[in-house]
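Coordinates in review
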Amino acid sequence: MIRIPLCDLKSQFAPIREEIRQSIDAVLDSQQFIMGPQVTELEKQIAKYCQTTHAIGCSSGSDALLLALMALDIGPGDEVITSPFTFFATAGAIARLGATPVFVDINRHDYNIAADLIEAAITENTRAIIPVHLFGQMADMDTIMDIARQHGLYVIEDAAQSIGAEYQGVRAGSFGDAGCFSFFPSKNLGGLGDGGMVTTNNEELANKMRILRSHGANPKYNHALIGGNFRLDTIQAAALLVKLRHLDSWNQSRQEVAARYESLFAERNSQLGIGLPLTKAHYTHVYNQYVVNLGNRNHTQQFLAERGVSTGVYYPRPLHLQECFAYLGYQPGDLPVSEAACDRVLALPMFPALAVADQEIVISALTQAAEMEMTAE
């Protein structure tokens, strides 16, 4: 029944099929599947793209976060401030190292961590802040970096959803001590499976992460550090090198899709109370997702599905109320903006090739659902 997908990877792949195959064939011919030259080349190009001096390829966005935290010696007794409204890996990486996630509520309109609440959460045990650039738009990095400098804290940008996003022309992943990216297939720059990257301007930190991603070996079979197997596969790097050439045009297409949504909503939404994504002044949004805020999310999602429109919920439960973090002692109501977002947000179809006619179907179904809710009230 689903006719309009949430994300259409096939439409993105079709025009570059031969480029991807040639790039993969080069790896197959070389048989250099682990740390082949394509990995080094991708690192070089990602560093340039993200306006940093170093980029370190790794096995996933989740491992990128883990690798950055390990390189900064975050561990038991340390606290790391982050958002509760994000994918689990952000807090999971903190907890895996024995450190304590400290959750700070989000802004109502852009869903990023509320920078003005961070300072109140700092204690003598705080070591780092992990802002999440959610859905394709950066957090308030000026304020966050000012707070970090005042308190001597590290900053790790979780930019998994925001490669190419900017604030005043400065790219995501270049503000903090490290920036962490995911190449999960549905990301704006998605691979053929899992993959990730850490960016940094700190040469010492970059060298340490390169050692840690290969079990801490330096040189081979000599281990001053305990790391892990966090390497990026050469085949993934080969595919990503092809896709990186198209990233800016894909991001531009996403922005055009978002602008059409806004235009279509403007004609119908004056009385419907549907909250649209906010793009802040001086920010470049790259729309990994297009997320609206609704009064009755579950009914609306079902209504759209019945009309062939696929949607997604990012995220149905905030991290501070996840069972595995019960030991932290958070209760319902502690972080109300995040909790409300989990009850109300719905991601609409968003991908570069999304047709105008399909967007019109999405908006028509969504406004019908909203009008039914208003009538029922």
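To be clear, the structure that these remarks concern was listed above.
Residues numbered from 1 in each chain as written. Predicted model: local features only at pLDDT ≥ 70, side-chain atom pairs only at ≥ 80, totals over all residues. Heavy atoms only, no water.

Details of the nonpolar core
Rules: The term nonpolar core refers to a set of buried residues drawn from Ala, Val, Leu, Ile, Met, Phe, Trp, Tyr and Cys, joined through side-chain atoms within 4.5 Å. Whether a residue is buried, partly exposed or exposed follows from its accessible area with a 1.4 Å probe, protein chains only, as a fraction of its type maximum: under 20%, in between, or over 50%, in that order. Helix and strand definitions follow DSSP, with helices as H or I runs of at least four residues and strands as E runs of at least two, each counted in order from the N terminus. Throughout, a residue-residue contact means that at least one pair of heavy atoms, one from each residue, lies within 4.5 Å.
One finds Leu42, Ile46, Ile81 and Ile144 to be the most contacted residues of the largest nonpolar core, which totals 43 residues. Sorting the residues of this core by element identifies helix H3 (37–49), helix H6 (141–151) and helix H8 (234–244) as the ones contributing at least two each. With near-sequence residues (within four places) excluded, Leu42 lies in contact with Met197, Leu232, Ala237, Leu240, Leu241 and Leu244. Grouped together as the second largest cluster of nonpolar side chains are 29 residues, Ile56, Leu67, Ala89 and Ile94 included.

So, H3
Put simply, the rule reads: Expected span, for any helix, means 1.5 Å times one less than how many residues it has.
The end-to-end C-alpha distance of H3 is 18 Å, a good match for the 18 Å that 13 residues give at a rise of 1.5 Å each. Contact partners of the buried residues in H3: helix H2 (17–30), strand E1 (54–58), strand E7 (170–171), strand E9 (196–200), H8 and helix H9 (247–266).

Section: the sheet that holds strand E3 (residues 100–103)
Operational definition: Whether two strands pair comes down to DSSP finding at least two bridges between them. What counts as an axis is a line fitted to C-alpha atoms, over the stretch in contact for a helix, and the angles between N-to-C directions run from 0 to 180 degrees.
Spatially, E1-E9-E8-E5-E4-E2-E3 is the arrangement adopted by the seven strands of the open sheet, whose pairing is mixed. Here the strands that pair on one side only, and so sit at the sheet edges, are E1 and E3. Taking the axes of each pair of neighbouring strands and ignoring which way they run, one obtains an average angle of 25° across the sheet. Note: strand E8 (residues 178–182) against E9, four bridges, orientation antiparallel.

Looking at empty space enclosed by the protein
Rule in force here: A pocket, in this scheme, is an open set of points on a 1 Å grid over the protein atoms alone with protein on both sides within 12 Å along at least 5 of 7 lines, while a cavity is a set where a 1.4 Å probe fits but cannot get out; residues line either one if an atom lies within 4 Å of a point. Grid points are joined across faces, edges and corners, and a volume is the space filled by probe spheres set on the points. Each residue gets one label: Ala, Val, Leu, Ile, Met, Phe, Trp, Tyr, Cys and Pro are nonpolar, Asp, Glu, Lys and Arg are charged, and the others, such as Gly, are polar.
Inspection of every chain in the model, using the stated rule, returns two cavities of 30 Å³ or more. Here the largest cavity is characterised by a volume of approximately 70 Å³. Lining the largest cavity, in full, are His109, Asp110, Tyr111, Leu134, Phe135, Gln137, Pro277, Leu278, His285, Gln289, Tyr290 and Val291. Across the lining of the largest cavity, the residue classes break down as seven nonpolar, four polar and one charged. Its volume calculated, the second largest cavity comes out at about 40 Å³. Along its surface, the second largest cavity is lined by Cys7, Asp8, Leu9, Gln12, Pro185, Ser186, Lys187, Arg254, Phe351 and Pro352. Residue composition of the lining of the second largest cavity, grouped by class: five nonpolar, two polar and three charged.

So, the packing of helix H4 (residues 61–71) against helix H5 (residues 89–96)
Put simply, the test is: Relative orientations are named as follows: roughly parallel for angles under 35 degrees, roughly antiparallel for angles over 145 degrees, roughly perpendicular for angles from 65 to 115 degrees, and oblique for any other angle. If you view the pair so one helix is near and one far, a crossing is left-handed when the near helix is turned anticlockwise from the far one by less than a right angle, and right-handed when it is turned clockwise.
Relative to each other, H4 and H5 sit at 40°, their axes nearing to 9 Å. With respect to each other, H4 and H5 are oriented oblique. Like other packed secondary-structure pairs, H4 and H5 cross with a definite hand, here right-handed. Across the interface between the two elements, Ser62, Asp63, Leu65, Leu66 and Leu69 of H4 pack against Ala89, Thr90, Ala93, Ile94 and Arg96 of H5.

With respect to the pattern of salt bridges
To keep it simple, the criterion reads: Definition used for salt bridges: Asp or Glu carboxyl oxygen within 4 Å of a side-chain nitrogen of Lys or Arg.
The tally for this structure, following the rule as stated, stands at ten salt bridges. Residue Arg3 is joined to Asp358 by a salt bridge in which the shortest nitrogen-to-oxygen separation is 3.1 Å. Highlighted residues: Arg3 in the segment before helix H1 (9–13) and Asp358 in helix H12 (residues 356–376), separated in sequence by 355 residues. By relative accessible area, which is 17% here, Asp358 ends up buried.

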